[in-house]
Amino acid sequence: MILELTRRDEFSVITLNRPEALNALNTEMIADIAAAIDEAAKAGTRALLFTGAGGKAFCAGADIKELLGRSVIESKRFAALGQRVFAKLDTLPIPSVAAINGYAFGGGLELALACTFRIATPNAKMGLPEIKLAAIPGYGGTQRLPRVIGEARALEMIMTGRTVAAEEAERIGLVSRIVEGDAVAAGMAFAREFTKYSLPVLALAREAVMRAGDTPISEGLKIEADLNTLAFQTEDVQEGMSAFIEKREAKFKDA
Ligand code: DAK
């Protein structure tokens, strides 16, 4: 199996499992990722984690051996497939965390960028090296990277194709945290910092922040007001405020 979907406590974990090719993404794996995301969304989990098998790589990018010799039509189909699959993470009702445990290059970093959060082990190395192949990122890298680290830094990474180590990635906000030990266990601990809260309200917060990237501020503030009003209609907000007043811990129901 080149992709594994497993359950760990309240989380779903997708493991890219082609360690002999540093978990490079081929067409089959991308289609499997789509199915696994759908499955995880149905499974009643509180967050979706991604990681790579083998201890050396999260994912070394699109499978270069498969890409070579593709026709224009095949390339367009491949781009549409990848973009569609990664975009599923934008609208997934649960948050996602990429536990980057080694190399994350090209399409591998683009997968991580499509996740809500990224954490990295100290040996992690990241980059969008497509320019070295005379290509440019095609799975959302040119759009998501500048939203995460800003335009100048994104342009530099994309135009030089240089590798960013874990420490720099944390400094520039490409990853939220450097974690020691088992990357998935660390990802679960990281996710528990927010998944203890109301899942639908977390989704509203995510949606509001994501809209900031493509909306003028006047419109963005209206979106925020609407989503904030929606949050105030939930049972969970009543529970949260009552619990505060009654000096007890809130028990959210995701409702
Ligand atoms: N694809 C296929 N095989 C790969 C691979 C990849 N991306 N990366 C590594 N491998 C394979 C190697 O070929 C090698 O296989 P064997 O030779 O043993 O059969 C095995 O994994 C181990 O790799 P290395 O021997 O190279 O291992 P090292 O530790 O020496 O080096 C490395 C690790 C990660 C620095 C190196 O493997 C490397 O530079 N890999 C390539 C990284 C890269 O350039 N990634 C970006 C790929 S381009 C598109 C949309 C999106 C994309 C393209 C098109 N459309 C819209 C059309 C995305 C493009 C990309 O992601």
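In this text the structure is predicted, and so the values were computed from the model without any measurement.

Reading the values: rules and limits
- Residues numbered from 1 in each chain as written.
- Predicted model: local features only at pLDDT ≥ 70, side-chain atom pairs only at ≥ 80, totals over all residues.
- Heavy atoms only, no water.
- Helix = DSSP H or I, 4+ residues; strand = E, 2+ residues; numbered from the N terminus.
- Rg over C-alpha atoms; globule rule 2.2 N^0.38 Å.
- Buried < 20%, exposed > 50% of the residue type's maximum accessible area, 1.4 Å probe, protein only.
- Contact = heavy atoms within 4.5 Å.
- Lys, Arg positive; Asp, Glu negative; His and termini not counted.
- Charge placed at Lys NZ, Arg CZ, Asp CG, Glu CD.
- Phe/Tyr/Trp six-rings, centres within 6.5 Å; stacked < 30°, edge-to-face > 60°.
- Lys NZ or Arg CZ within 6 Å of the ring centre and 35° of its normal.
- Core = buried A, V, L, I, M, F, W, Y, C linked by side-chain atoms within 4.5 Å.
- Near = heavy atom within 4 Å.
- Areas by Shrake-Rupley, 256 points an atom, 1.4 Å probe, with all protein chains shown as cover.
- Axes fitted to C-alpha atoms, helices over the stretch in contact; angles between N-to-C directions.
- Parallel < 35°, antiparallel > 145°, perpendicular 65-115°, else oblique.
- Left-handed = near helix turned anticlockwise from the far one by under 90°.
- Nonpolar A, V, L, I, M, F, W, Y, C, P; charged D, E, K, R; others polar.
- Salt bridge = Lys/Arg side-chain N within 4 Å of Asp/Glu carboxyl O.
- Pairing = 2+ DSSP bridges.

## What about the overall build of the protein?
- For the protein, the helix and strand inventory stands at eleven helices and ten strands.
- Radius of gyration (C-alpha) of the protein: 19 Å, near the 18 Å computed for a compact globule of 255 residues.
- Principal-axis analysis of the C-alpha atoms gives the protein an extent of 65 × 40 × 35 Å.
- A total of 255 residues make up the protein; the buried ones form 45% of that total.
- For the protein, restricting intrachain contacts to residue pairs at least 6 apart in sequence, the fraction spanning at least 24 positions comes to 67%.
- For the protein, the distance from the average position of its 30 positive side-chain charges to the average position of its 33 negative side-chain charges is 1 Å.

## Considering the packing of aromatic side chains
- Here the structure, examined in full by the defined rule, presents six aromatic pairs.
- Here the aromatic rings of F190 and F194 are separated by 5.8 Å at their centres, their planes lie at 85°, and the arrangement is edge-to-face. Taken as a pair, F190 and F194 lie in helix α8 (residues 183-195) at a separation of four residues, close to a single helical turn.
- Relative accessible area serves as the criterion here: at 13%, F194 is assigned to the buried category.
- Connected via pairs of aromatic rings, a cluster forms that spans F78, F86 and Y139.
- The ring of F78 has R70 lying over it, and the distance from NZ or CZ to the ring centre is 4.0 Å.

## Observations regarding the nonpolar core
- Counting 66 residues, the largest nonpolar core has I33, F50, I100, M126 and L174 as the members making the most contacts within it.
- Beyond its immediate sequence surroundings of up to four residues, F50 is in contact with I14, I33, I37, F58, L89, V97, A98, A99, L111 and C115.

## Description of the site of the ligand
- In the vicinity of the ligand, 24 residues are found, and the nearest of them are K56, A60, A62, A79 and G107.
- Burial of the ligand by the protein chains amounts to 65% of its free accessible area of 1,100 Å².
- Those elements that provide at least two residues to the shell around the ligand are α2 (64-67), α3 (72-91) and β6 (103-105).

## Things to note about the packing of helix α1 (residues 27-42) against α3
- Between α1 and α3, the least distance of the axes is 10 Å, while the angle of their chain directions is 25°. By the angle between their directions, the pair α1 and α3 is classed as roughly parallel. When the axes of α1 and α3 are compared, the crossing they make is left-handed. Contact residues: T27, I30, I33, A34, I37 and D38 in α1; F78, L81, G82, V85, K88 and L89 in α3.
- Considered class by class, the residues forming the contact of α1 with α3 number eight nonpolar, two polar and two charged.

## Brief notes about the pattern of salt bridges
- Scanning all chains against the criterion turns up 16 salt bridges.
- Close ionic contact of R162 with E156 constitutes a salt bridge, the shortest N to O distance being 2.5 Å.
- R162 gets classed as partly exposed once you look at its relative accessible area, which sits at 27%.
- For K253, the salt bridge goes to E235, with nearest N and O atoms at 3.1 Å.

## Notes on the pairing of strand β5 (residues 96-100)
- The buried fraction of β5 amounts to five of the five residues, a majority that puts the element mostly inside the structure.
- Across the two faces of β5 the burial is the same, with S96, A98 and I100 and V97 and A99 all buried.
- Direction of pairing for strand β3 (residues 47-52) relative to β5: parallel, over a ladder of three bridges. Looking across to β5, one finds that L48 is bridged to S96.
- With four bridges connecting them, β5 and strand β7 (residues 117-120) associate as parallel partners.

## Quick look at the sheet that holds β7
- Here we have six strands laid out as an open sheet, ordered β1-β2-β3-β5-β7-β10, and mixed in their pairing. The sheet terminates laterally at β1 (3-8) and β10 (177-178), the two strands that pair on one side only.
- Where α1 meets the sheet, its contacts fall on β1, β2 (11-16) and β3, and the angle it forms with β1 comes to roughly 20°.
- Of the strands in this sheet, β1, β2, β3, β5, β7 and β10 touch α8, which is tilted by about 160° from β3.

What is shown is where atoms sit, not what they do.
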